[in-house]
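What the coordinates show
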Number of protein chains: 4
Amino acid sequence: VGTNRLEAFSDGVLAIAITLLILEVKVPAAASGRLGHDLLHQWPSYASYVVSFAVIGIIWVNHHAMFERIARVSRTLLFLNLLLLMTVAFLPFPTALLAAYVNRGGRDAHVAAAVYGLAMELIGLGFMALWVYLARTPDVLVEGFTAANAAAAVRRTVVGPLLYLVAIALAFVSAPLSLAVYGAVAVYFVLPGREARASPAGGPTPARR
Amino acid sequence: VGTNRLEAFSDGVLAIAITLLILEVKVPAAASGRLGHDLLHQWPSYASYVVSFAVIGIIWVNHHAMFERIARVSRTLLFLNLLLLMTVAFLPFPTALLAAYVNRGGRDAHVAAAVYGLAMELIGLGFMALWVYLARTPDVLVEGFTAANAAAAVRRTVVGPLLYLVAIALAFVSAPLSLAVYGAVAVYFVLPGREARASPAGGPTPARR
Amino acid sequence: VGTNRLEAFSDGVLAIAITLLILEVKVPAAASGRLGHDLLHQWPSYASYVVSFAVIGIIWVNHHAMFERIARVSRTLLFLNLLLLMTVAFLPFPTALLAAYVNRGGRDAHVAAAVYGLAMELIGLGFMALWVYLARTPDVLVEGFTAANAAAAVRRTVVGPLLYLVAIALAFVSAPLSLAVYGAVAVYFVLPGREARASPAGGPTPARR
Amino acid sequence: VGTNRLEAFSDGVLAIAITLLILEVKVPAAASGRLGHDLLHQWPSYASYVVSFAVIGIIWVNHHAMFERIARVSRTLLFLNLLLLMTVAFLPFPTALLAAYVNRGGRDAHVAAAVYGLAMELIGLGFMALWVYLARTPDVLVEGFTAANAAAAVRRTVVGPLLYLVAIALAFVSAPLSLAVYGAVAVYFVLPGREARASPAGGPTPARR
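What you see is a predicted model; the values in this text were computed from it and never measured.

Quick look at the overall build of chain A now. Secondary structure summary: chain A contains nine helices and zero strands in total. Ordering the α and β elements of chain A from the N terminus gives α-α-α-α-α-α-α-α-α. Per-residue burial for chain A yields a buried fraction of 61% across its 209 residues. Sequence separation of 24 or more characterises 75% of the internal contacts of chain A that already satisfy a separation of 6 or more.

Given below as structure tokens:
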């Protein structure tokens with residue numbers, strides 16, 4: 001079994017999840033003649049749209065890079081990938097939660113930001129699970145990408161879930177600040193590193209999630 | 001006519017249905033300062049999201065395995081496949097129903113769980129109809145996969161619709177319990193069996209729905 | 001320019017439109033302890049889901065058959081195809097309208113059924129416009145499928161828009177009856193005709209919309 | 001890295017965004033027995049559906065033409081493309097805004113039309129950013145399409161963002177008029193120019209956004 005249909009299905013889910021995000025940006029209901037004001041007031045909707053779009057976009061880039069290292073699809077890989085997709089497809093919900101609660105202040109805003117971080121944490125763990133599996137199952141890898149390369153990817157990937165734990169704690173201090181942190185992490189991953197030009201032998205790029 | 005475009009269309013529908021599930025997880029409306037509590041209270045939303053995601057994911061895996069055994073697409077096959085997709089694309093509705101009613105208790109919870117089971121039943125029958133057709137139309141099968149193999153798949157497939165009938169009856173005893181059963185069946189199908197490595201000659205995997 | 005990306009994009013739009021239909025089937029809001037009754041009462045939602053799903057499914061089959069006759073994509077063809085997709089992607093709206101109004105009776109039910117017919121009419125005209133263009137632009141056709149074949153397709157295609165006009169008139173007599181007619185027409189198109197096995201030289205299948 | 005998966009993902013996002021537009025056309029809630037009147041009254045919903053559908057359709061055509069000129073995908077190109085997709089996937093929101101506010105009159109209608117124009121402006125700038133990048137990075141271009149060709153495309157592309165600025169100003173005079181202008185611009189881009197038959201050496205078509 002090749003990786004083509006698996007990648008196509010994953011791309012489909014990612015493309016849909018990224019495009020569904022806009023459904024959580026709501027048209028202001030109040031017809032108070034102050035639409036401009038109402039639109040500005042719901043800035044968290046736009047901010048969380050941008051951050052979540054960037055997050056899923058980066059996931060797509062790194063997912064693509066990961067699967068360039070995979071030559072064969074096992075049943076375990078199939079279901080680990082479904083597990084990852086389950087966490088990514090969940091993201092529109094915490095995004096909507098954040099948009100709805102972040103500028104209300106109070107404890108609810110902190111909870112919403114923490115739940116968003118929790119969703120990011122699950123995505124990060126989903127990615128790490130795949131890399132751990134690849135490090136332990138080198139026979140599914142393409143030639144030139146070894147178990148050692150995959151293990152290095154695991155070590156680098158663990159940064160994500162660790163940072164998200166910090167951000168979850170931070171959410172209870174300031175919700176907008178934690179949203180800024182999620183955005184900053186996304187921007188960081190966008191910046192080209194020394195492994196900018198992904199190639200099967202190049203290694204590090206797929207680990208940068 | 002080859003199977004490529006048929007598979008691509010089916011993948012598209014399955015990818016969309018699986019990703020739309022999140023739209024049924026609603027942001028709590030009440031701004032009571034108890035968002036944490038409200039989020040925990042709607043646990044059936046998350047549970048039914050996970051179960052339905054797993055169900056559609058497994059359908060995708062088995063649909064893929066089935067079409068690896070098919071060499072030619074007939075008009076009948078085309079429409080039987082559309083019928084199956086119609087039942088799968090329907091799943092977000094009973095999922096939302098379950099999420100909304102399961103923890104209200106009373107007769108409504110039982111009805112919601114039974115309707116969910118009914119939707120699963122229809123999916124199971126849709127899959128079985130395809131296998132029955134394949135068992136009777138061996139000239140559309142790939143070389144090495146015979147009518148006898150397809151008939152064996154029918155016998156194994158019938159387990160699904162039978163189990164779902166039991167689960168529907170169970171729904172009237174306890175709605176959360178029936179949701180647990182649907183989840184357990186999904187987990188069971190995820191576990192690799194002796195036919196774990198699907199190959200055109202391997203047979204049983206596609207029948208495991 | 002080949003037809004591959006055009007077909008893939010069209011398949012995407014059709015797959016999404018067909019899967020979005022379920023979003024119009026609403027979870028009953030009233031928690032009256034009579035969920036079973038409430039679910040039965042909204043039968044028009046399920047009926048219009050089934051009919052619209054069948055309609056888009058058949059459109060997909062016939063769109064596929066049409067593009068097997070096309071060898072080259074011109075800019076005009078590109079935009080005529082977008083026009084057709086615009087009418088098909090519109091279908092979830094009249095479907096929801098029908099579901100909401102058909103069993104309320106009164107003039108509103110008639111209007112909803114007529115609007116549904118109007119949407120079908122536009123789809124039929126969109127298909128016919130493509131066939132007319134193909135009949136007049138034989139240099140985009142595959143070898144073995146002539147302008148005369150395309151002209152024959154136009155003549156057969158015109159049946160659709162004519163029948164839908166009748167159905168629109170019928171909608172003002174009885175809304176459920178007109179829904180039954182739309183369903184019957186869909187079933188008719190599903191039945192295999194003498195041209196069941198579509199081939200570039202076979203002709204009639206693509207015209208059966 | 002080739003352009004195939006990038007194009008497939010972009011097509012997916014565009015196909016979903018274009019099909020989601022219909023979700024913003026709402027079924028009239030009032031059951032006043034005047035459904036016909038209510039449906040006519042919400043004409044801005046249909047108008048903005050048609051205009052936004054045409055806009056995304058044209059973006060798809062031009063995106064396709066642009067990527068026919070690209071031979072290699074760099075990391076920068078990947079993220080510039082994601083940025084463009086982020087602006088296009090945002091369009092359902094201003095579309096819904098326009099539909100909800102344009103025929104209420106007053107300042108809100110002007111604001112809604114201006115926000116729609118702002119979204120178009122961002123899309124136009126996103127396209128221009130890609131062309132500017134291509135003009136400065138000729139080594140990713142296909143043979144026969146030079147940096148000079150890309151620079152010409154930049155010059156032609158700048159027309160879009162400039163026109164949209166005018167339309168935004170116009171929105172404060174008349175909201176329906178500005179919607180008409182957006183529609184007219186879309187129609188203009190549909191008309192075949194002297195560069196109607198896109199070919200890698202043909203140049204101008206991709207610049208016509």
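Our focus in this paragraph is a positive patch on the surface. Together, Lys26(A), Lys26(B), Lys26(C) and Lys26(D) make up a region of like positive charge exposed at the surface. Mapped onto the secondary structure, Lys26(B) falls in the loop between α1 (4-20) and α2 (35-41).

All right, on to the relation of the copies chain B and chain C then. Its rotation angle being 90 degrees, the transformation that places chain B on chain C also includes 0.0 Å of axial translation and leaves an RMSD of 0.0 Å. Put plainly, the chains are arranged around a four-fold axis.

What follows deals with the interface of chain D and chain A. Each partner contributes to the interface: chain D provides 31 residues, whereas chain A provides 44 residues. Summed over the three residues of chain D that lose the most area to chain A, namely Arg5(D), Phe9(D) and Arg75(D), the buried surface amounts to 28% of that side. Scanning the region where chain D abuts chain A turns up two salt bridges. Secondary structure elements with two or more residues in the side of chain D that touches chain A: α1 (4-20), α4 (75-89), α5 (92-101) and α6 (106-136) of chain D.

Put simply, an interface is often sized by how much accessible area is lost when its parts join up. Listed as interface residues are 31 residues of chain B and, on the opposing side, 44 residues of chain C. Carbon and sulfur atoms make up 73% of the area that chain B and chain C hide from each other, which totals about 3,100 Å². Connecting chain B to chain C are two salt bridges. Between Asp11(C) and Arg5(B) there is a salt bridge, with the nearest N and O atoms lying 2.2 Å from each other. Taken together, chain B and chain C are joined by eight residue pairs in polar contact (both at pLDDT 80 or more). Top element by residues in the side of chain B that touches chain C is α1(B). It accounts for eight residues.

Time to look at the packing of aromatic side chains. Counting across every chain of the model gives 36 aromatic pairs over all chains. Relative to Tyr49(B), the ring of Phe90(A) has its centre 5.4 Å away and its plane inclined at 55 degrees; by these criteria the two rings are tilted. Of this pair, Phe90(A) sits in the loop between α4 (75-89) and α5 (92-101) while Tyr49(B) sits in helix α3 (residues 43-67), on two different chains. A relative accessible area of 17% places Phe90(A) in the buried class. By relative accessible area, which is 2% here, Tyr49(B) ends up buried.

When chain D is fitted onto chain A, the two copies agree to an RMSD of 0.0 Å after a turn of 90 degrees and an axial shift of 0.0 Å. Of the interface residues in chain D, just 10% have counterparts in chain A that sit at the interface too, so the contact is made through distinct surfaces.

This part is about α1(B). Counted at 1.5 Å a residue, the expected span for α1(B) with its 17 residues is 24 Å, and the 24 Å between its end C-alpha atoms agrees. Among the 17 residues in α1(B), 14 count as buried, and that is most of the element.

Residue and element names in this part refer to chain B. With respect to the helices, strands and loops of the structure, Thr-137 is situated in the loop between α6 (106-136) and α7 (147-157). Given the relative accessible area of 15%, Thr-137 is considered buried. A polar atom in the side chain of Thr-137 sits 2.7 Å from the backbone oxygen of Tyr-133.

Right, let's get into the pattern of salt bridges. Inspection of the entire model under this criterion finds eight salt bridges over all chains. Here Arg5(D) ties to Glu7(A) by a salt bridge, and the two come within 3.1 Å at their closest N and O atoms. Taken together, the positions of Arg5(D) in helix α1 and Glu7(A) in helix α1 (residues 4-20) put the pair across two chains. When sorted by exposure, Arg5(D) lands in the same class as Glu7(A), which is buried. Among the charged side chains, a salt-bridge network with shared partners connects Arg5(A), Glu7(B) and Asp11(B).

Moving on, we come to the nonpolar core. Leu134(A), Leu134(B), Leu134(C) and Leu134(D) are the most contacted members of the largest nonpolar core, which totals 305 residues. Sorting elements by how many residues they give to this core places α6(D) first, with 16 residues. Each residue touching Leu134(D), except ones within four places of it in the same chain, is listed here: Met66(D), Ile70(D), Leu77(D), Val140(D), Leu141(D) and Ala150(D).

As for its placement among the helices and strands, Trp131(A) is situated in helix α6 (residues 106-136). Sequence separation of Trp131(A) and Arg72(A) is 59 residues, and the distance between their C-alpha atoms is 15 Å.

If you trace the backbone, Asp38(D) turns up in helix α2 (residues 35-41). Residues Asp38(D) and Arg104(D), spaced 66 residues apart in sequence, show a C-alpha to C-alpha distance of 14 Å.

Before going further, it helps to examine the confidence of the model for chain A. All names here are of chain A. Mean pLDDT over chain A: 85, with 89% of residues reaching 70 or higher. The secondary structure element of chain A with the lowest average pLDDT is helix α9 (residues 175-190), at 80, and the one with the highest is α4, at 94. Under a pLDDT of 50 for its full length, residues 193-209 has, in the predicted model, 44 contacts with residues more than four places off or in other chains.

All names here are of chain A. There is a patch of nonpolar side chains on the surface, built from Val-158, Val-159, Leu-162, Leu-163 and Leu-165 and spanning about 400 Å² of accessible area. Relative to the assigned elements, Val-158 resides in the loop between α7 (147-157) and α8 (159-171). Look at Val-158 and you get partly exposed, because its relative accessible area is 30%.

In contact at an axis separation of 9 Å, α1(B) and helix α1 (residues 4-20) of chain C are set at 40 degrees when each is read in the N-to-C sense. Classified by the interaxial angle, the pair formed by α1(B) and α1(C) is oblique. By crossing handedness, the relation of α1(B) to α1(C) is classed as right-handed. Residue-level contacts link Arg5(B), Phe9(B), Gly12(B), Val13(B), Ile16(B), Ala17(B) and Leu20(B) of α1(B) to Glu7(C), Asp11(C), Leu14(C), Ala15(C), Ile16(C), Ile18(C), Thr19(C) and Leu20(C) of α1(C). Its residues assigned to classes, the contact of α1(B) with α1(C) comprises 10 nonpolar, two polar and three charged.

This part is about the packing of α1(B) against helix α3 (residues 43-68) of chain C. One can describe the packing of α1(B) onto α3(C) by two numbers: an axis separation of 12 Å at closest approach and a directional angle of 145 degrees. Our pair here, α1(B) against α3(C), has a crossing hand that is right-handed. In this structure, α1(B) contributes Arg5(B), Leu6(B) and Phe9(B) to the contact, and α3(C) contributes Trp60(C), His63(C) and His64(C). By residue class, the composition of the contact of α1(B) with α3(C) is three nonpolar, two polar and one charged.

Another point: the environment of Ala17(B). Residue and element names in this part refer to chain B. Relative to the assigned elements, Ala-17 resides in helix α1. Assessed through its relative accessible area of 0%, Ala-17 is described here as buried. Along the primary structure Ala-17 and Leu-85 are separated by 68 residues, whereas in three dimensions their C-alpha atoms are 9.6 Å apart.

What counts, and where the lines are drawn
- Residues numbered from 1 in each chain as written.
- Chains lettered and ligands numbered in written order.
- Predicted model: local features only at pLDDT ≥ 70, side-chain atom pairs only at ≥ 80, totals over all residues.
- Heavy atoms only, no water.
- Helix = DSSP H or I, 4+ residues; strand = E, 2+ residues; numbered from the N terminus.
- Buried < 20%, exposed > 50% of the residue type's maximum accessible area, 1.4 Å probe, protein only.
- Contact = heavy atoms within 4.5 Å.
- Patch = residues over 30% accessible without salt bridge, like charges linked within 9 Å, V, L, I, M, F, W, Y side chains within 5 Å.
- Areas by Shrake-Rupley, 256 points an atom, 1.4 Å probe, with all protein chains shown as cover.
- Salt bridge = Lys/Arg side-chain N within 4 Å of Asp/Glu carboxyl O.
- Lys, Arg positive; Asp, Glu negative; His and termini not counted.
- Charge placed at Lys NZ, Arg CZ, Asp CG, Glu CD.
- Least-squares fit on C-alpha atoms with pLDDT ≥ 70 in both.
- Buried area = accessible area lost by both parts, 1.4 Å probe.
- Polar contact = N/O pair within 3.5 Å; in protein donor to acceptor, adjacent residues only side chain to side chain.
- Phe/Tyr/Trp six-rings, centres within 6.5 Å; stacked < 30°, edge-to-face > 60°.
- Expected span 1.5 Å × (residues − 1).
- Core = buried A, V, L, I, M, F, W, Y, C linked by side-chain atoms within 4.5 Å.
- pLDDT = per-residue confidence, 0-100.
- Axes fitted to C-alpha atoms, helices over the stretch in contact; angles between N-to-C directions.
- Parallel < 35°, antiparallel > 145°, perpendicular 65-115°, else oblique.
- Left-handed = near helix turned anticlockwise from the far one by under 90°.
- Nonpolar A, V, L, I, M, F, W, Y, C, P; charged D, E, K, R; others polar.

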